[in-house]
Amino acid sequence: MAQEKDGGVGSSASQFPHQSTDSCERILSEEELEKLKNDQVLVSEFKQQRLEIDAKKNWDLFYKRNTTNFFKDRHWTKREFEELKACRQFEAQKLVMLEAGCGVGNCIFPLLEEDLNIFIYACDFSPRAVQFVKENSLYHPERCLAFQCDLTKDDLRATISENSLDVATLIFVLSAIHPDRMQQAVENIYQVLKPGGIVLFRDYGLYDHAMLRFKSGSKLGENFYVRQDGTRSFFFSREYLANLFQQVGFQTLVNEYVLRETVNKKEGLCVPRVFLQSKYRKPE
Ligand SMILES: C[S@@+](CC[C@H](N)C(=O)[O-])C[C@H]1O[C@@H](n2cnc3c(N)ncnc32)[C@H](O)[C@@H]1O
């Protein structure tokens, strides 16, 4: 199974008329329930350890194959700008933001173009991805700093001052990290956010179509799968994510499923996509 194109950060109900938000899980059909029930065999421990060791390499190879062509630019909508606006204490405030797991910058460049009063730190553990960000014609060091960092191992404070960020975004990144290591990544971000700072999160939700499409032999653990290219994907329930952030000390502001029907042209099918969209706050 290949990487799935996702809904991106810049999607709103008006762009996608069949989109809704919900606090309940998607209801599965009998057939889907059966498929998940029958898919119980896990990838061997040995292979799982290899995937963890090779995580950075596998993402770097992904960018070697796809260069900047895979993910679409994530165009920020009015709603998201409102959210960023809400992160400002006064209108003219310059926001300092981190895009954690920035890939080749599909999220940051549209934002840098639209919001002139923002400085963005952007990090990823793939050296190729970081290089692509730096080579983008919109990359200007006075507005943006891209650097290599494994969120689960490298202390962000080596580059960003403690308690200094207004906002951090985690867009389809935590799902690529082993569940046992997600907490380290979230703690790392906590350290550099200022009190009152916000995390904007969007990622795959439980029972997304992509989860149901995995063939047997791809399962690594509960709601956790490996693609053919060795990159991994976790599917979040609301409860799981809220627990993860709350254990680190964050307060939950928003945590809801975004449900959308999209047409898969190749398969000629209407497929149910599920994303989890959330907002967390570091207490003052
Ligand atoms: C699906 S891409 C999303 C990229 C970007 N956020 C976007 O929305 O276009 C996931 C990204 O997470 C990065 N990543 C995965 N694990 C990471 C880790 N432990 N530390 C830093 N980056 C990581 C990958 O290299 C990849 O670029």
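Residues numbered from 1 in each chain as written. Predicted model: local features only at pLDDT ≥ 70, side-chain atom pairs only at ≥ 80, totals over all residues. Heavy atoms only, no water.

Engineer: Describe in detail the packing of helix α3 (residues 55-66) against helix α6 (residues 127-135), supporting the description with residues and values.
Structural biologist: Between α3 and α6, the shortest axis-to-axis distance is 7 Å and the interhelical angle comes to 45°. With respect to α6, the element α3 is oriented oblique. Where α3 abuts α6, its residues Asp 60, Tyr 63 and Lys 64 lie against Pro 127, Arg 128, Ala 129 and Phe 132. Counted by class, the contact of α3 with α6 contains 4 nonpolar, no polar and 3 charged residues. (Axes fitted to C-alpha atoms, helices over the stretch in contact; angles between N-to-C directions. Helix = DSSP H or I, 4+ residues; strand = E, 2+ residues; numbered from the N terminus. Parallel < 35°, antiparallel > 145°, perpendicular 65-115°, else oblique. Contact = heavy atoms within 4.5 Å. Nonpolar A, V, L, I, M, F, W, Y, C, P; charged D, E, K, R; others polar.)

Engineer: Let's hear about α6: which residues, and what values?
Structural biologist: Along α6, the positions that sit buried rather than exposed are Ala 129, Val 130, Phe 132 and Val 133. Projected onto a plane normal to the axis of α6, the buried residues spread over an arc of 155° and lie on a single side. Buried residues along α6 sit in contact with α3, α5 (108-114), β3 (118-124) and β4 (144-148). (Buried < 20%, exposed > 50% of the residue type's maximum accessible area, 1.4 Å probe, protein only. Arc of directions from axis to C-beta.)

Engineer: Just give me the short version of the site of the ligand, but keep the residues and values in it.
Structural biologist: Around the ligand, the structure places 20 residues, and the nearest of them are Tyr 63, Arg 74, Gly 101, Asp 124 and Ile 171. Contact between the ligand and Glu 99: a nitrogen atom at 3.2 Å from a side-chain N or O atom of the residue. Alone, the ligand offers 600 Å² of accessible surface; in the complex the protein occludes 98% of this. Here the residues of the shell around the ligand sort into 12 nonpolar, 4 polar and 4 charged. (Near = heavy atom within 4 Å. Polar contact = N/O pair within 3.5 Å; in protein donor to acceptor, adjacent residues only side chain to side chain. Areas by Shrake-Rupley, 256 points an atom, 1.4 Å probe, with all protein chains shown as cover.)

Engineer: Residues and numbers for the sheet that holds strand β2 (residues 95-100), please.
Structural biologist: Spatially, β1-β10-β11-β6-β5-β2-β3-β4 is the arrangement adopted by the 8 strands of the open sheet, whose pairing is mixed. Each edge of the open sheet is held by one strand with a lone partner, namely β1 (19-22) and β4. In this sheet, neighbouring strand axes are inclined to one another by 20° on average, regardless of whether the strands run parallel or antiparallel. Judged from the 6 bridges that link them, strand β5 (residues 165-171) and strand β6 (residues 193-204) form a sheet pairing that is parallel. Bridged to Thr 169 within β6 is Leu 200. (Pairing = 2+ DSSP bridges.)

Engineer: Residue-level account of unusual backbone geometry, with values.
Structural biologist: Phi at Phe 172 is positive, roughly 55°, even though this residue is not glycine. If you trace the backbone, Phe 172 turns up in the loop between β5 and α7 (179-192). A residue is classified by how much of its surface remains accessible, and Phe 172, at 11% relative accessible area, is buried. Non-glycine residue Tyr 207 carries a positive phi angle of around 65°. With respect to the element layout, Tyr 207 can be found in the loop between β6 and α8 (209-213).

Engineer: So what's going on with the UniProt feature "domain: Methyltransferase type" (unreviewed entry) in the chain? Which residues, and what values?
Structural biologist: Using the residue numbers shown here, the UniProt feature "domain: Methyltransferase type" (unreviewed entry) corresponds to residues 98-199. End C-alpha atoms of residues 98-199 are separated by 9 Å, and the span's content is 29% helix alongside 28% strand. (UniProt positions renumbered as here; feature names shortened; annotations may be inferred.)

Engineer: Could you give an account of the packing of α7 against helix α9 (residues 238-248), with specific residues and numbers?
Structural biologist: Where α7 contacts α9, the two axes come as close as 9 Å, and the packing angle between them is 50°. Considered as vectors, α7 and α9 are oriented oblique to each other. Read as a crossing pair, α7 and α9 show a hand that is right-handed. Side by side, α7 and α9 meet where Pro 179, Met 182, Gln 183, Val 186, Glu 187 and Tyr 190 of the first sit next to Tyr 240, Leu 244, Phe 245, Gln 247 and Val 248 of the second. (Left-handed = near helix turned anticlockwise from the far one by under 90°.)

Engineer: Explain the sheet that holds strand β8 (residues 224-226) residue by residue, including any values.
Structural biologist: Read across the open sheet, the 3 strands follow the order β7-β8-β9; overall the sheet is antiparallel. The open sheet has two edge strands with one neighbour each: β7 (219-221) and β9 (232-234). Neighbouring strand axes in the sheet, compared pairwise and without regard to direction, differ in orientation by 30° on average. As defined by bridge partners, β8 adjoins β9 across 3 bridges and the pair is classed as antiparallel. What sits directly across from Tyr 225, in β9, is Ser 233.

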